[in-house]
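Structural description and commentary
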Amino acid sequence: MSRALYQRRRRALLAEMPPDSLLLLPAAGEAVRSRDVDHPFRQDSDLLYLTGFPEPDALALLAPGRKGGEFVLFCRPHDPEKETWNGARAGLEGAIADYRAAEAHPIAELDERMPALLEGRNRVYYPLGRDPAFDRRLMDWLAVVRAKVRGGVRAPSELVASDRLLHERRLVKDAAELRTMRRAARISAGAHRRAMQHCRPGLWEYQLEAVLVHHCADRGARFQAYPPIVGSGANACVLHYVDNGHRLRDGDLVLIDAGCELDGYASDITRTFPVNGRFTAPQRELYELVLAAQAAAIAKAVPGNRWNDPHDAAVRTLTAGLVELGILSGTRRSVPKLIREERYKPFYMHRTGHWLGMDVHDVGDYRVGDDWRRFEPGMVLTVEPGLYIAAGNAEAPPAYRDIGIRIEDDVAITDDGHEILTAEAPKDPAAIEALVGTRA
């Protein structure tokens, strides 16, 4: 993303903020993995969205109408010794020159300078409750300002969660965001194709994970948007399975839920395919049912429809199919009653999608008032129905047990319909069978 784009975002947000308000966005913290080893740092998405600033130990401040400049950035100054160990920093100079802050101050001076910056402001937006330590610091700064009220200083009287201010903006993607998400989707779709090609009985689940991660990193997406799920056989019935430590068996399916992160934007794809390249008859019956449910759901992802419409379409298709296969008792006429009674839930227990963007489960309300939100161009969601028939599910005939299937695509709402960003990842059963194992 260009620095000019971040600047435009800030200007648009500042124009919406009340003139006597202030927005505070602290950077994400570094997280210890074990002893002297940290997890790779990932910036807070809200701060990244507005500034592009990639470092920890930082705080962005936006103050409409402020004479000294509306964008102030607190960050780490240059430190030759620490930079020798941990790499270059933007420093105060880079915060101004490269990230277009009007002012930059050392993060160590935050407690000293913040009370003065709060003076004269009525409303403070910040991520309320996200970081209890930051909440306490803000209360301390406000106490300093309130102590001056008798001297004529005006102290903030409103603390407002910044989510509402920022997350509605993040929900609808602009052209630059959609370009990045298309690139991320293409890279991830290629990774899923490559995993299919390399798959064969006897490999370990983590070896397919390695194929996915290597493909993405080799094409510029070094990090995954979330820990990859590679679940074969019964493991595919565990929704958030991340052990990835079992051997792939001939005759099993393998479910892969994985997507890269590119320039701060996530992709999210799930494909399920036979380890040996050939669906058994029961596997194919369930797979084609999930595929039909996904097609019905995607058809509902158009402007003006409600958020829940894809889910309702998927549930109808899955429930009718489970009846037809004899997994649910009933007739086609009993499908509405089975849905009302949620008889499908032992086999399909999750929702059909979520918002997608800078976060995998991205920001944005799913309901507006008492009704489901309506789709608008620029929104991006996943569509991911599934069926999970664990070994202990006595309702299902034995031939269908130990089968878990999910099919997931990333879908952008357009002016006249939708765009499937992840269409390059095969999901037609014949196409999958033609691809699996071709590089084994």
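We now turn to the structure provided with this report. Values in this document were obtained by computation on a predicted structure and should not be read as measured data.

**Some points on the packing of aromatic side chains**
- Throughout the structure, instances matching the rule amount to 10 aromatic pairs.
- With 5.9 Å between their ring centres and 10° between their planes, W204 and Y206 make a pair best called stacked.
- Every member of this aromatic cluster is reached through a ring pair, and the members are W307, W355, Y366 and F375.
- The ring of W372 has R367 sitting right over it, with the charged end atom 4.4 Å from the ring centre.

**Points about the packing of helix 10 (residues 281-299) against helix 11 (residues 309-324)**
- In the contact formed by helix 10 and helix 11, the axes pass within 7 Å of each other and the chain directions differ by 155°. Considered as vectors, helix 10 and helix 11 are oriented roughly antiparallel to each other. You can see that helix 10 and helix 11 cross each other, and the crossing is right-handed. From helix 10, L289, V290, A292, A293, A296 and A297 reach across to helix 11, where they touch P310, A313, A314, T317, L318, G321 and L322.

**Focus: the sheet that holds strand 17 (residues 380-383)**
- Taken in spatial order, the three strands line up as 17-20-21 in an open sheet, and their pairing is antiparallel. Two strands lie at the open edges of the sheet, namely strand 17 and strand 21 (417-420), each paired on one side alone. Averaged over all neighbouring strand pairs, the angle between strand axes comes to 35°, with direction disregarded.

**Quick look at the nonpolar core**
- Residues V254, I256 and L387 are the most contacted members of the largest nonpolar core, which totals 63 residues.
- If you tally residues by element for this core, the top one is helix 10, at eight residues.
- Discounting residues that sit within four places of it in the chain, I256 has contacts with H192, A195, L208, L212, I229, V230, I269, T270, R271 and F273.
- Counting residues in hydrophobic clusters, the runner-up holds 38 residues, among them L25, F53, M181 and V360.

**What to know about the pairing of strand 8 (residues 158-161)**
- Here four bridges tie strand 7 (residues 123-126) to strand 8, and the two strands are oriented parallel to one another. Across the sheet, Y125 pairs through a bridge with V160, a residue of strand 8.
- Taking the sense of rotation as the criterion, the β-α-β connection linking strand 7, helix 6 (residues 132-146) and strand 8 turns out right-handed.

Cut-off values and rules
Residues numbered from 1 in each chain as written. Predicted model: local features only at pLDDT ≥ 70, side-chain atom pairs only at ≥ 80, totals over all residues. Heavy atoms only, no water. Phe/Tyr/Trp six-rings, centres within 6.5 Å; stacked < 30°, edge-to-face > 60°. Lys NZ or Arg CZ within 6 Å of the ring centre and 35° of its normal. Axes fitted to C-alpha atoms, helices over the stretch in contact; angles between N-to-C directions. Helix = DSSP H or I, 4+ residues; strand = E, 2+ residues; numbered from the N terminus. Parallel < 35°, antiparallel > 145°, perpendicular 65-115°, else oblique. Left-handed = near helix turned anticlockwise from the far one by under 90°. Contact = heavy atoms within 4.5 Å. Pairing = 2+ DSSP bridges. Core = buried A, V, L, I, M, F, W, Y, C linked by side-chain atoms within 4.5 Å. Buried < 20%, exposed > 50% of the residue type's maximum accessible area, 1.4 Å probe, protein only. Right-handed = clockwise from strand over helix to strand, strands pointing away.

Purely geometric numbers; function is a separate question.
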